[in-house]
Amino acid sequence: MSAARVLFAALVALALAAAGPAPRASAQEAADGRAGAGKCGTCHPRERVAYASSRHAQEEVRCVSCHGGNDRALDVGAAHSGSFKGRPSRASIPRLCASCHADEERMRPYNLPVDQYALYQTSGHGKALARGDTRVAVCSDCHGAHDILPPSDPRSRVHRPNIPKTCGHCHGDTTSASGAISGKPTYGVYVKSVHAHALFDRGNPNAPTCVSCHGVHGAAPPSMGSVDKVCGQCHEVERRYVAAGPHAPERGEASARPQCVTCHGSHEVTAAQPERLASSCVDCHEADGPQAKLGERLWNDYRVASAEVDQAADVLARAEAVPLNTEDYQARLEEARTYMREALPAAHAADAQVVESFTQRARAVAREVQSELHAKLGNLQLRRLLLVVFWFYLIITILILRRFQKAPRRG
Amino acid sequence: MSERPAPAAPTGRQGWIAWLERRINLTELFSLFSHFGLVYTPVDTSRPLREALRDVAAQPVPTFARWPRLLGLVAAVFFGLQALSGLLLAHYYRATPEAAFASTRLIARDLPFGWFIHQMHSWGALLLIVILIARLARLYWQGLFRAPREVLWLSAAAMVGVVALLDFTGRLLPWDHEGYWSVVRGLEVLGGMPVLGGMLTFSLGGQVVNADLLTRSYVMHVLILPAVLAGLLYVTFATLRRVGLSPESGEAKGGSTSFREHMYAVTILQVLAFGLLVSVAVLVPFRFVAEADPYSTPGGVRPPWYLLAPYFVLERLPGFAAGWVALLLALALLFGPFLFRGSDARASLGRARLWGIVLVVVWIALTAAGVFLDRAS
């Protein structure tokens, strides 16, 4: 073997070693995403930083996984060569994400669903995209591109309390002027609703966001006739009473029968307003018709019972301050309040007897509590009466003492 | 000690008193009782009770011995009422953090007439403090700290302190929210005093309000402090017996009345005071809301009302200075009046009164500031 051949063999070996699989990145590099970013971050530092904290960086989804090219080359020409795709077009993004996220085998270790792409194609977004409208939301609009975070991360755009804002980015009043797709100020309306109040102000993690009614990847407006099913996911009792009453979905003509939104509105839905029992009926029915009268009767029932329960609560507070033992009455008053709480959903049956079955029970309990507490408080009046008697004897005592005091002078 | 009692008076009426008189010296017992008030003159224990009483009743008493000179006597009777109602409360009260609130609620809510006893004790304490402070002001105004009444002043000032401590320890016992936290706050004020504070917190078992402190507060409240107060009452009436009631200048020639008539006037005053206490106790419920929760400090916690003025100052001072200021205040209350001495008694009393007015005005202003300013912050 000549020296030249040995040298050649050594060079080839060196070249193979250089071109062969890179040594596994250190744990530190993996953690801050440097390994996944390869050398791309040298020229794209902003993207590298965004990527470094993303979920993909932890799973070694690399720059080249989406963008193609060679992340070990420092030379632009070499790096942007081969399979290099550059920035994916908006229309291609769903398919690009689906190349991994619709792959059951790949997603199985993460226990992630793989139907997002299929759902997306049924959504308003997906259908518009298929028609060639690229202004609609694609995966990256909600999840981010380089900085993809899991929904459990509070910084994530798809973290539950952040969802209304994410949707509102296009469907809000703030951006409608800057080329948003929907001109409706949906976000601005939603944030004033009772649902948003529960989500933001009371911190209820189960309060409905946009996706609770419209779907997530399959986002679309609920179709005519399915509104009661959508609302009924949470408002089961109301739905049951609606189904038992004259407004049941299967009665009458589809166009004529009221939906939940007919009385409550959709995005602007407010907290229960029992007084609207009296005023809502005339929106569809005649002002002096039997339906309007029924509504007034329902409201009247509710109002009277509610006032009696409140009155009992006042008496209870008075008794507590004395103090009297009120534990038993607190429990019974809670029972009355429970009936009242059921009376409102029951009003959806638009049947006076159904509502009265609850309000009458609430009133009976409240009256019982009131009369028993009044009897106890009556004993307090007795205390005052005894005080008068006490002073009567006190004054007599003083008069007798005065008399004894003066006695020697008289004698 | 005393001579053998004379044979029973030959009145012919051999009642049970005479029967008892042959077996025990009732006059001696009466004189013992009178040490805590009532009778200012010495009692001749060698004579039978009836005669001794007749003697006492015939003693002349200056007519100026009237309201408000009798605040000390009213205080003594209120103290007796507190002892009585406290005794009844102690039958049901349990001094542990777990049971204190429940047992107090049992008394105030569920026991027949428990509410009345509880109310009498709560309002009685408040009235007792008010009476003793008024009495202190009255003694100061009339210069009754001057010779030979220094001991009277010292015992009166100490009485205010002891009753304030009684109220302070009593506040903790129900273990209700307000009482608990006002004691926590008050302990910070009182415990900051250099010597007295250390003694107080040592005898209470520390500055942390816990089961130990509750037990020790209870012991102080029902045993130690009432005994001290009874001793101070004795000292008060002992000085009275030695130096007599004090006429203000120009009042001495107001004439005199018999002790018998005087006793009736005093009794009427006591009856009225008792009526006032009962009425307040029945008509105005004392605040008694919820069990103490050591883990949630309510907003605007303040010490009891009579500590509001020093608290307002001490809150704004660094710790060590606050303690010294509190100690100086306590010492000034006891010994301050003795600084007003001089050859001209009238002029020195005038100066003392001026300073007294200034002090009261400052105290009221600071209390008002404590009520309104601290509530706003």
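1. Things to note about the overall build of chain A
Thought 1: Each helix and strand in chain A was counted, giving 23 helices and zero strands.
Thought 2: A burial count over chain A gives 28% of its 411 residues as buried.
Thought 3: For chain A, restricting intrachain contacts to residue pairs at least 6 apart in sequence, the fraction spanning at least 24 positions comes to 53%.
Thought 4: For chain A, the accessible surface area stands at approximately 25,400 Å², while carbon and sulfur atoms represent 58% of it.

2. Brief notes about the overall build of chain B
Thought 1: Of regular secondary structure, chain B possesses 14 helices and two strands.
Thought 2: Looking at chain B residue by residue over its 377 residues, the buried ones come to 46%.
Thought 3: Considering only intrachain contacts with a sequence separation of at least 6, the fraction spanning at least 24 residues in chain B is 76%.

3. Observations concerning the interface of chain B and chain A
Thought 1: Across the boundary between the two partners, chain B contributes 22 residues, which contact 19 residues of chain A.
Thought 2: For the pairing of chain B and chain A, the buried interface totals around 2,000 Å² over both sides, and the portion due to carbon and sulfur atoms is 67%.
Thought 3: For the pair chain B and chain A, the number of links is one salt bridge.
Thought 4: In this structure, the salt-bridge partner of Arg109(B) is Glu327(A), at a minimum N-O distance of 3.9 Å.
Thought 5: Linking chain B with chain A are four residue pairs in polar contact (both at pLDDT 80 or more), by the criterion used here.
Thought 6: At the level of secondary structure, the elements contributing two or more residues to the side of chain B that touches chain A comprise α5 (100–110) and α11 (259–283) of chain B.
Thought 7: A total of 15 residues in the side of chain B that touches chain A trace back to one element, the largest contributor, which is α11(B).

4. Looking at the environment of Cys100(A)
Residue and element names in this part refer to chain A.
Thought 1: Structurally, Cys100 can be placed in helix α8 (residues 93–101).
Thought 2: Note on Cys100: relative accessible area 25%, which makes it partly exposed.
Thought 3: Sequence separation of Cys100 and Ser65 is 35 residues, and the distance between their C-alpha atoms is 9.9 Å.
Thought 4: With sequence-adjacent residues up to four places away left out, Cys100 is seen in contact with Arg106 and Met107.

5. Some details on the pattern of salt bridges
Thought 1: In total, this model carries 22 salt bridges over all chains according to the counting rule given.
Thought 2: One salt bridge in this structure joins Arg341(A) and Glu334(A), with 3.3 Å as the shortest N-O distance.
Thought 3: We note a salt bridge from Arg47(B) to Glu51(B), for which the minimum N-O separation is 3.2 Å.
Thought 4: Exposure remark for Arg47(B): the relative accessible area of 26% places this residue in the partly exposed category.
Thought 5: Through salt bridges with shared partners, a single network forms among Asp328(A), Arg332(A), Glu368(A) and Glu372(A).

6. A short note on the nonpolar core
Side chains that are nonpolar tend, in soluble globular proteins, to be buried together.
Thought 1: Counting residues in each nonpolar core, the largest one holds 85 residues, and the members touching the most others are Phe78(B), Tyr93(B), Trp153(B), Leu172(B), Trp175(B), Tyr180(B) and Val209(B).
Thought 2: Ranked by residue count, the leading element in this core is helix α6 (residues 114–141) of chain B, at 13 residues.
Thought 3: Non-local contacts of Leu172(B), meaning those with residues more than four positions away in its chain, are made with Tyr180(B), Val183(B), Val209(B), Leu213(B), Leu214(B) and Ser217(B).
Thought 4: Core analysis: the second largest hydrophobic core is formed by 27 residues, Tyr302(A), Tyr329(A), Leu333(A) and Met340(A) among them.

7. Things to note about the packing of helix α21 (residues 290–321) of chain A against helix α22 (residues 327–346) of chain A
Residues and elements named next belong to chain A.
Thought 1: For the pair α21 and α22, the least separation of the axes is 11 Å and the interaxial angle reads 160°. In terms of axis orientation, α21 runs roughly antiparallel to α22. Handedness of the α21/α22 crossing: left-handed. On α22, the residues that touch Tyr302, Ala305, Ser306, Val309, Ala312, Ala313, Leu316 and Glu320 of α21 are Tyr329, Gln330, Leu333, Ala336, Arg337, Met340, Ala343 and Leu344.

8. Points about α6(B)
Thought 1: For α6(B), spanning 28 residues, the distance from its first C-alpha to its last is 40 Å, which sits close to the expected 40 Å at 1.5 Å a residue.
Thought 2: In the stretch just after α6(B), Gly143(B) is the one whose phi turns positive, near 70°.

9. Considerations on a nonpolar patch on the surface
Thought 1: There is a patch of nonpolar side chains on the surface, built from Leu382(A), Leu385(A), Leu386(A), Val389(A), Phe392(A), Tyr393(A), Ile396(A), Ile400(A) and Phe404(A) and spanning about 870 Å² of accessible area.
Thought 2: Judged by relative accessible area, which is 54%, Leu385(A) ranks as exposed.

10. Focus on the state of the cysteines
In protein chemistry, a disulfide is the covalent bond that joins the sulfur atoms of two cysteines.
Residue and element names in this part refer to chain A.
Thought 1: This model, assessed by the stated rule, comprises zero disulfides over all chains.
Thought 2: Take Cys66: it sits in no disulfide, and the sulfur closest to it among the cysteines is that of Cys97, at 6.7 Å.
Thought 3: We classify Cys66 as partly exposed; its relative accessible area is 29%.
Thought 4: Cys213 provides the cysteine sulfur closest to Cys234, a residue in no disulfide bond, and the two sulfurs are 7.6 Å apart.
Thought 5: For Cys234, a relative accessible area of 57% gives the class exposed.

11. Regarding the side chain of Thr326(A)
Thought 1: Structurally, the position occupied by Thr326(A) is in the loop between α21 and α22.
Thought 2: Those residues in contact with Thr326(A), other than ones at most four positions away along the chain, are Leu316(A), Ala319(A), Glu320(A) and Leu373(A).

12. Overview of the confidence of the model for chain B
Thought 1: Of the residues in chain B, 89% have a pLDDT of 70 or more, and the chain-wide mean is 82.
Thought 2: If you check the scores for this complex, the pTM reads 0.66 and the ipTM reads 0.76.

13. Examining the packing of aromatic side chains
Thought 1: Applying the stated rule across the entire model yields 14 aromatic pairs over all chains.
Thought 2: With 6.1 Å between their ring centres and 10° between their planes, Phe404(A) and Tyr264(B) make a pair best called stacked. Of this pair, Phe404(A) sits in helix α23 (residues 352–410) while Tyr264(B) sits in helix α11, placing the two residues on different chains.
Thought 3: On the basis of relative accessibility, which here comes to 19%, the residue Tyr264(B) falls in the buried class.
Thought 4: Three or more aromatic residues joined by ring pairs form one cluster here, namely Phe390(A), Trp391(A) and Phe274(B).
Thought 5: The cationic tip of Arg23(B) hangs over the ring face of Trp19(B); the distance from NZ or CZ to the ring centre is 4.0 Å.

14. What to know about the confidence of the model for chain A
All names here are of chain A.
Thought 1: Chain-level pLDDT for chain A is 84 on average; 85% of the residues reach the 70-or-more range.
Thought 2: Long-range and interchain partners of residues 17–26, a stretch whose pLDDT sits below 50, account for three contacts in this model, where long-range means more than four residues apart.
Thought 3: With pLDDT under 50 throughout, residues 175–180 is counted as low confidence; its partners more than four residues away or in other chains account for seven contacts.

Reading the values: rules and limits
- Residues take numbers from 1 onward in each chain, read along the sequence in its written order.
- Throughout, the order in which chains and ligands are written sets their labels, letters from A for the former and numbers from 1 for the latter.
- Note on the predicted model: pLDDT of at least 70 is required for a residue's local features to be given, and 80 or more for side-chain atom pairs to be given and counted; whole-chain, interface and lining totals, by contrast, use all residues.
- Working from all heavy atoms in the structure, the side-chain values ignore hydrogens and water.
- The helix and strand labels rest on DSSP assignments: H or I over at least four residues marks a helix, E over at least two residues marks a strand, and numbering proceeds from the N terminus.
- Throughout this description, buried means an accessible area under 20% of the type-specific maximum (1.4 Å probe, protein chains only), exposed means over 50%, and partly exposed covers the range between.
- In this description, contact between two residues means that some pair of their heavy atoms is separated by no more than 4.5 Å.
- Only the protein chains shown count as covering a residue, and every accessible area follows the Shrake-Rupley method with a 1.4 Å probe.
- Two parts lose some accessible area (1.4 Å probe) when they are put together, and adding that loss for both gives the buried area.
- Whenever Lys or Arg places a side-chain nitrogen within 4 Å of a carboxyl oxygen from Asp or Glu, that contact is recorded as a salt bridge.
- Any N or O atom pair separated by 3.5 Å or less is treated as a polar contact, with the protein-specific requirement of one donor-capable and one acceptor-capable atom, and with residues adjacent in sequence counted only for side-chain atom pairs.
- The set of buried Ala, Val, Leu, Ile, Met, Phe, Trp, Tyr and Cys residues whose side-chain atoms join them within 4.5 Å is what this entry labels a nonpolar core.
- Here an axis means a line fitted to C-alpha atoms, over the contact stretch when the element is a helix, while the angle between two N-to-C directions is reported on a 0 to 180 degree scale.
- The cut-offs work like this: below 35 degrees is roughly parallel, past 145 is roughly antiparallel, 65 to 115 is roughly perpendicular, and the gaps in between are oblique.
- Put simply, a crossing is left-handed when the front helix is turned counterclockwise from the back one by less than a right angle, and right-handed when it is turned clockwise.
- The span you would expect from a helix comes to 1.5 Å times its residue count less one.
- Candidate patch residues must exceed 30% relative accessible area and have no salt bridge, after which like charges are joined if within 9 Å and Val, Leu, Ile, Met, Phe, Trp or Tyr side chains if within 5 Å.
- Cysteine sulfur atoms that pair up within 2.5 Å are treated as a disulfide.
- What pLDDT reports is the predictor's confidence in each residue, on a scale of 0 through 100.
- Stacked, tilted and edge-to-face are the three classes applied to pairs of Phe, Tyr and Trp rings, where Trp contributes its six-membered ring and a pair requires centres within 6.5 Å; stacked means planes under 30 degrees apart, edge-to-face means over 60, and tilted covers the rest.
- In our convention, an over-ring charge means Lys NZ or Arg CZ found within 6 Å of a ring centre and within 35 degrees of that ring's normal.

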